[in-house]
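# Survey of secondary and tertiary structure
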Amino acid sequence: MESFGARLHRAVTERGPLCVGIDPHPGLLARWGLTDDVSGLDRFSRTVVEAIGDRVAVVKPQSAFFERFGARGVEILESTIRQLRDAGALVLLDVKRGDIGSTVAAYAAAYLDPASPLYVDAVTASPYLGVGSLAPMFDLATTHGGGVFVLALTSNPEGAAVQHARAADGRTVAQTVIDEISQLNRGAEPIGSFGLVVGATIGDTGHDLSGVNGPLLAPGLGAQGATAADLRTVFGTSLSSVLPSYSREVLNAGPDIGALRAATDRVLTECHAAVTAS
Ligand SMILES: O=c1ccn([C@@H]2O[C@H](COP(=O)(O)O)[C@@H](O)[C@H]2O)c(=O)[nH]1
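Residues numbered from 1 in each chain as written. Predicted model: local features only at pLDDT ≥ 70, side-chain atom pairs only at ≥ 80, totals over all residues. Heavy atoms only, no water.

As a reminder of what qualifies: UniProt positions are given in the numbering used here, feature names are shortened, and annotations may be inferred rather than shown by experiment.
If you look the protein chain up in an unreviewed UniProt entry, it shows as Orotidine 5'-phosphate decarboxylase from Micromonospora siamensis. Annotation of the protein chain in UniProt includes, under Sequence similarities (unreviewed entry), the sentence "Belongs to the OMP decarboxylase family. Type 2 subfamily." In its Pathway (unreviewed entry) section, the UniProt entry covering the protein chain states "Pyrimidine metabolism; UMP biosynthesis via de novo pathway; UMP from orotate: step 2/2."

Here's what the structure looks like:
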């Protein structure tokens, strides 16, 4: 099967460099005039799919907001994933999974095996049990053309205490994650299938992203305070690999479909200009 990197490259070429999150916060459901239950969740998700599924390269449902409703919420997540795929979007499920390798194999089967009801194009993963513990995800992703985005430098202020800590060889913990993912992507064309999560909020931290050869998912834009203009400071010469990601900034425009599309077009225009500027 065609690699996730190749599929992502084509999607971004056709639809532009943008990921929009589906994060049905209780406050957003209320703002949209929806009930904070599975029926509100279903209406919210369907509306987002209708508004952006056929125009955004990557859509990122946040699993937590579906899981909080138990099995019926997960059923809506499964249906949302199917609707997004039918609309032609790549689906990146934000689940941030990580565990010992034998358990990671089960997470891999849950999200990256085409036979699973929760099968998606890519997932987010946490490397804090060691990047090597994620190997079953990397392996299954490679087999089935999937992708894995590994947390490196997260957008929240608490992340730096762990991620900027120094390992025995003097590199930061984040740099060791960056370097291991770079190894996995070596030689891949047009771009590797293993991405990193690097928050747009973090400023210039001095980390070296130049060898990653994979997508750099940049959350933290909009509601968390970062702007498209910040991407240059954070990513420097790696700007062309950045996949900017917005959730609340776009979702706040709903439930009107036209307003959701207008908000999406606006952030896409800003990001396009930011990541292609020389
Ligand atoms: O470092 C990270 C990693 C993941 N996220 C997730 O992205 C969205 C951000 O939502 P906004 O409404 O655009 O703030 C959310 O699902 C987070 O869990 C992140 O923010 N930072």
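Continuing now.
## Digging into the environment of Leu112
Spelled out, the test is: Numbering of helices and strands runs from the N terminus; a helix is a DSSP stretch of H or I covering at least four residues, while a strand is a stretch of E covering at least two. Any two residues whose heavy atoms approach within 4.5 Å are treated as being in contact.
Relative to the helices and strands, Leu112 is located in helix α6 (residues 101-112). Residues Leu112 and Thr201, spaced 89 residues apart in sequence, show a C-alpha to C-alpha distance of 29 Å. Among all residues touching Leu112, those that are not within four sequence positions of it are Tyr119, Val120, Asp121, Ala122, Val123, Met137, Leu140, Ala141, His144, Gly147 and Val148.

## Side note on the packing of aromatic side chains
For the record, the criterion: Aromatic rings from Phe, Tyr and Trp, taking only the six-membered ring of Trp, are treated as a pair when their centres fall within 6.5 Å; an angle between ring planes under 30 degrees marks them as stacked, one over 60 as edge-to-face, and anything in between as tilted. Here's how the labels work: a residue is buried when its accessible area is under 20% of the maximum for its type, exposed when over 50%, partly exposed in between, all with a 1.4 Å probe on protein chains only.
In the structure shown here, the tally under the stated rule is three aromatic pairs. When the ring of Phe4 is compared with that of Phe149, the centres are 6.0 Å apart and the planes differ by 85 degrees; the resulting orientation is edge-to-face. Note that Phe4 is positioned in helix α1 (residues 4-15) and Phe149 in strand β5 (residues 147-153), a separation of 145 residues in sequence. For the pair formed by Phe4 and Phe149, the shared burial category is buried. Ring geometry for Phe138 and Phe194: centres 5.1 Å apart, planes at 70 degrees, overall edge-to-face. Taken as a pair, Phe138 in helix α7 (residues 135-144) and Phe194 in strand β6 (residues 194-198) lie far apart in primary sequence, 56 residues in all. Of the residues examined, Phe138 reaches a relative accessible area of 6% and is grouped as buried.

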